[in-house]
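Structure at a glance
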2 protein chains.
Amino acid sequence: MAYLEADALGYGAGNLNRTAPVCETNKTGFAAFGGKATHHDSHTVIYYEGDPAKRLYELVKGTVMLYKLLPDGRRQVVEVLQSGDIFGLSSGSENDCTAETLVEAEVSEIDLKQVEASADLQRLLTKCLTNQMHVLHEHAVLLGRKSAVERVASFLMHLVPERGGPGCPGPRGEADDGFDLQLHMTRQEIADYLGLTIETVSRVVSDLKRRGIIRVDRADKIHLNKVCGLCQMTGMH
Amino acid sequence: MAYLEADALGYGAGNLNRTAPVCETNKTGFAAFGGKATHHDSHTVIYYEGDPAKRLYELVKGTVMLYKLLPDGRRQVVEVLQSGDIFGLSSGSENDCTAETLVEAEVSEIDLKQVEASADLQRLLTKCLTNQMHVLHEHAVLLGRKSAVERVASFLMHLVPERGGPGCPGPRGEADDGFDLQLHMTRQEIADYLGLTIETVSRVVSDLKRRGIIRVDRADKIHLNKVCGLCQMTGMH
DNA sequence: CGTTGGTTTGAGAGCACTCAAGCACTGTGG
DNA sequence: CCACAGTGCTTGAGTGCTCTCAAACCAACG
């Protein structure tokens, strides 16, 4: 089993929705601007939708999701953030999403006022926002136009580095086209991210297992037997 | 009929997805930075998904949609832009969406290099991106969690200024809670924006008509009889 | 060994989709 | 002035994918 190995490489859920490196030109992030480092346990809310937006946050380590709730309890996870991503920006005076950690996370906070002033921060911000925008566009296609199988396949493919994107090399060489994944989201979180129900996600996963595309060692430990085969099921090929 | 009146006020499709004014702090937009003004007829492509991204565009007048296509022809309209909105930013070197006008439009173009240099442009950009981000978040909820009726109701409500948002005053006074709309999108465009089929959109509109919520004078001229009643159907109350 | 929380599986229903026909408005030519 | 495509929208019938509700399963834990 190479789960730990994959994790150590920063893979696993670590590059969700990441087709290109983000904000890596600025290695220091908010640290260079006196950002206050904070630690958050797994599944902790950093701020709630509707809270006054006074700070900007940079995810340094871990994974954070942003979600919105409808009054009757329906939830949509709108973004899953990775290290380097910035969140907490609001078009009004209130946060438009709730931010919650998926796993333990290190976050760097700075005051919104600082951002207004610093040109470097603005540049960093533009870059990150552009990237998040791109991810949101792709996610809109997933939510609006893809079937359940295509959604789950797309989700899993996003967890495989260097694959599925425009520069996908195809199956490396020949037979061995496998990959080990460590999920950092529960079925419920995946469902709310993909616009499905928990049962549908589970059924699709079971179906992929039955068809030999994947192997499920534990609910959160999945081995992709045929990365390229899975990629064919995303609706993008 | 007050259609022309509404249109003259800049309503109609003019404030789609606009809960707060955008980029209005910078009245000049790109003009102040030597942006090249261009004119585009209705339903003209400004750039295609996959084209090299070399310029940044500001919509000065009219309406532009951004959409993505899946290889089998499925389309998802990911954004509907209004004057003041900026588009053409890409996280890679290629445009991630196709940009097409919905109606005649005036666009101001500037070189991407200019943006890198100007702090004012960066600030303008951050503001616009933040706004678009907020709209995309809300749209993700619509696409992932709302029923067909809720999607169409939400869509129509976005065309009514000052209503449906957090500061909604409710039905003004008493009886008269109507509003005239001029749509600038075909049923197909609406369907592709809402993640539905053209038939479903048509059926929902007919149903709203049957229930007395709206009156359809022409396919693109709709009178809302009960704005508040419609608002109740968006899933957000 | 029972409890708990998360996951999987099953049966059935319903909403939105597909395919197909009908309708309304527009412009064109005889 | 009317016939006739042409285009876009609406309506109908039937199917199927995903949802809902419910029960079973499983690993972790006290």
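Under an unreviewed UniProt entry, the name given to chain A is CRP/FNR family transcriptional regulator, anaerobic regulatory protein, and the source organism is Roseibium denhamense.

1. Concerning the protein's contact with DNA strand C
Around DNA strand C sit 15 residues in total, of which Arg187, Arg203 and Ser206 of chain A together with Ala148 and Thr200 of chain B are the nearest. Per the 4 Å cut-off to the protein, sugar and phosphate atoms form 62% of the nearby atoms of DNA strand C. In the model, a base nitrogen of DNA strand C is placed 2.9 Å from a nitrogen or oxygen of the arginine 203 of chain A side chain. Between a base oxygen of DNA strand C and a side-chain N or O atom of arginine 203 of chain B, the distance comes to 3.0 Å. Those elements that provide at least two residues to the surface near DNA strand C are helix 6 (198-210) of chain A together with helix 6 (198-210) of chain B. Broken down by element, the surface near DNA strand C gets its largest block of residues, four residues, from helix 6 of chain A. Among the residues making up the surface near DNA strand C, the classes are represented as three nonpolar, seven polar and five charged.

2. A word on the protein's contact with DNA strand D
As a structural note, the neighbourhood of DNA strand D is formed by 15 residues, with Ala148 and Thr200 of chain A together with Arg187, Arg203 and Ser206 of chain B the closest of them. Looking at DNA strand D alone, sugar and phosphate atoms form 64% of those within 4 Å of the protein. Within the side chain of serine 202 of chain B, one N or O atom sits 2.9 Å away from a phosphate oxygen of DNA strand D. Listed by contribution, the elements that provide at least two residues to the surface near DNA strand D are helix 6 of chain A together with helix 6 of chain B. Sort the elements by how many residues they give to the surface near DNA strand D and helix 6 of chain B lands first, with four residues. Among the residues forming the surface near DNA strand D, the class breakdown is three nonpolar, seven polar and five charged.

3. Topic: the sheet that holds strand 9 (residues 179-182) of chain B
Residues and elements named next belong to chain B. What the three strands build is an open sheet, ordered 9-11-10; its pairing is antiparallel. The open sheet terminates on both sides in strands that have one partner only, identified here as strand 9 and strand 10 (214-218). Each adjacent strand pair in this sheet contributes to an overall mean axis angle of 20°, direction not counted.

4. Details of the interface of chain A and chain B
Listed per partner, the contact involves 44 residues of chain A and 44 residues of chain B. A buried area of about 3800 Å², summed over both sides, lies between chain A and chain B, and 61% of it is on carbon and sulfur atoms. Viewed at the interface, chain B and chain A are joined by four salt bridges. Going through the elements one at a time, strand 4 (64-69), strand 5 (75-81), helix 3 (119-145) and helix 5 (187-194) of chain A are the ones with two or more residues in the side of chain A that touches chain B. Counting residues per element, the side of chain A that touches chain B draws most heavily on helix 3 of chain A, which supplies 19 residues. Taken together, the residues that form the side of chain A that touches chain B break down as 17 nonpolar, 15 polar and 12 charged.

Here is what the cut-offs are and how they apply
- Residues numbered from 1 in each chain as written.
- Chains lettered and ligands numbered in written order.
- Predicted model: local features only at pLDDT ≥ 70, side-chain atom pairs only at ≥ 80, totals over all residues.
- Heavy atoms only, no water.
- Near = heavy atom within 4 Å.
- Polar contact = N/O pair within 3.5 Å; in protein donor to acceptor, adjacent residues only side chain to side chain.
- Helix = DSSP H or I, 4+ residues; strand = E, 2+ residues; numbered from the N terminus.
- Nonpolar A, V, L, I, M, F, W, Y, C, P; charged D, E, K, R; others polar.
- Pairing = 2+ DSSP bridges.
- Axes fitted to C-alpha atoms, helices over the stretch in contact; angles between N-to-C directions.
- Contact = heavy atoms within 4.5 Å.
- Buried area = accessible area lost by both parts, 1.4 Å probe.
- Salt bridge = Lys/Arg side-chain N within 4 Å of Asp/Glu carboxyl O.

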